[in-house]
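Chain residues, written in single-letter form:
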Amino acid sequence: TWILWGMVPKETEWLWAAGNTSTCSAQGFFGVLGFYGELLYQAAISLNILLLIVFGWNQETFSKKVEKPMHFIIIAFVLVVAIIPLPYEMYNPACGDCAAVPLWGKCSTKDEGKLCIVRGNEQV
């Protein structure tokens, strides 16, 4: 439980929040990496079963024709998707964990009620 909420910056005042901006970015990066990696590898396993059972491939044929490019494509895609938000400072606290969302806050002390992006970029 602490790994999920403990990496959120202390300033958010979430229960067990003990992290900072860097730990939030790390949690967001690995969260995106794990989420999309898991989805794509589940799809890869399903493709393997489909080709083996429905289309009658053997495991050696699958390994030679599909497996290596599939690993390359999945790993490259997931790394790109997880790395892109890092230079734009997009991994920010969101509802108790860190996600790729801009961080909104007060624009200045003069503007009451008006919010601006204080970290991140809404275009990404």
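Residues numbered from 1 in each chain as written. Predicted model: local features only at pLDDT ≥ 70, side-chain atom pairs only at ≥ 80, totals over all residues. Heavy atoms only, no water.

### Regarding the overall build of the protein
Moving on, step 1. A tally of regular secondary structure across the protein gives 3 helices and 4 strands.
Moving on, step 2. Counted from the first residue to the last, the protein has its helices and strands arranged as α-α-α-β-β-β-β.
Moving on, step 3. Looking at the protein alone, contacts between residues at least 24 apart form 42% of all its contacts between residues at least 6 apart.
Moving on, step 4. For the protein, the exposed surface amounts to about 8600 Å²; the carbon and sulfur share of it is 65%. (Helix = DSSP H or I, 4+ residues; strand = E, 2+ residues; numbered from the N terminus. Contact = heavy atoms within 4.5 Å. Areas by Shrake-Rupley, 256 points an atom, 1.4 Å probe, with all protein chains shown as cover.)

### Considerations on the environment of L40
Moving on, step 1. Relative to the helices and strands, L40 is located in helix α2 (residues 21-54).
Moving on, step 2. Along the primary structure L40 and H71 are separated by 31 residues, whereas in three dimensions their C-alpha atoms are 9.6 Å apart.
Moving on, step 3. If we ignore the near neighbours within four places in the chain, the residues touching L40 are I74, F77 and V78.

### Some points on a nonpolar patch on the surface
Moving on, step 1. Taken together, the side chains of I45, L47, I49, L50, I53, V54 and F55 make up a nonpolar region of the molecular surface, amounting to roughly 690 Å² of accessible area.
Moving on, step 2. Of note, V54 is situated in helix α2. (Patch = residues over 30% accessible without salt bridge, like charges linked within 9 Å, V, L, I, M, F, W, Y side chains within 5 Å. Salt bridge = Lys/Arg side-chain N within 4 Å of Asp/Glu carboxyl O.)

### As for the pairing of strand β1 (residues 91-94)
Two faces make up the sheet, and in a regular strand the side chains alternate between them.
Moving on, step 1. For β1 and strand β2 (residues 97-100), the ladder comprises 4 bridges, and the chain directions are antiparallel. Considered in β2, the bridge of P93 is made with C98.
Moving on, step 2. The hairpin formed by β1 and β2 contains 2 residues between the paired strands, and C95 there has a positive phi angle of roughly 60°. (Pairing = 2+ DSSP bridges.)

### A closer look at the state of the cysteines
Two cysteines whose sulfur atoms are joined by a covalent bond form what is called a disulfide.
Moving on, step 1. Summed over the entire model, instances satisfying the criterion amount to 1 disulfide.
Moving on, step 2. Two residues, C24 and C98, share a disulfide whose sulfurs are 2.0 Å apart. In this structure, the disulfide formed by C24 and C98 twists by about -120° around the S-S bond and is classed as left-handed. You can see C24 sitting in helix α2 and its partner C98 sitting in strand β2, a full 74 residues away along the chain.
Moving on, step 3. Overall, the relative accessible area of 7% leaves C98 in the buried class. (Disulfide = S-S within 2.5 Å. Buried < 20%, exposed > 50% of the residue type's maximum accessible area, 1.4 Å probe, protein only.)

### Comments concerning the side chain of N92
Moving on, step 1. By the element assignment, N92 lies in strand β1.
Moving on, step 2. The contacts of N92, once residues within four sequence positions are left out, are C24, D97, C98, A99, V101, P102, L103, R119 and G120.

### Description of the nonpolar core
Moving on, step 1. A44, L51, F62, V66, M70, I74 and V78 together form the largest nonpolar core, which totals 7 residues.
Moving on, step 2. Secondary structure elements with two or more residues in this core: α2 and α3 (59-83).
Moving on, step 3. Sequence-distant contacts of M70, that is, excluding residues within four places in its chain, are made with A44 and F62. (Core = buried A, V, L, I, M, F, W, Y, C linked by side-chain atoms within 4.5 Å.)

### Quick word on unusual backbone geometry
Moving on, step 1. For E89, which is not glycine, the phi torsion reads 50° and is therefore positive.
Moving on, step 2. Within the secondary structure layout, E89 lies in the loop between α3 and β1.
Moving on, step 3. The class of E89 is partly exposed, set by a relative accessible area of 41%.

### A few points about the packing of aromatic side chains
Moving on, step 1. Per the stated rule, a full pass over the model turns up 2 aromatic pairs.
Moving on, step 2. Their ring planes at 80° and their centres at 5.0 Å tell us that F29 and F30 sit as a pair that is edge-to-face.
Moving on, step 3. Relative accessible area serves as the criterion here: at 14%, F29 is assigned to the buried category.
Moving on, step 4. When the centroid spacing of 5.0 Å and the interplanar angle of 80° are considered together, the rings of F35 and Y36 count as edge-to-face.
Moving on, step 5. A relative accessible area of 33% places Y36 in the partly exposed class.
Moving on, step 6. For K65, the ring lying beneath its charged end belongs to W57, and the centroid distance is 5.9 Å. (Phe/Tyr/Trp six-rings, centres within 6.5 Å; stacked < 30°, edge-to-face > 60°. Lys NZ or Arg CZ within 6 Å of the ring centre and 35° of its normal.)

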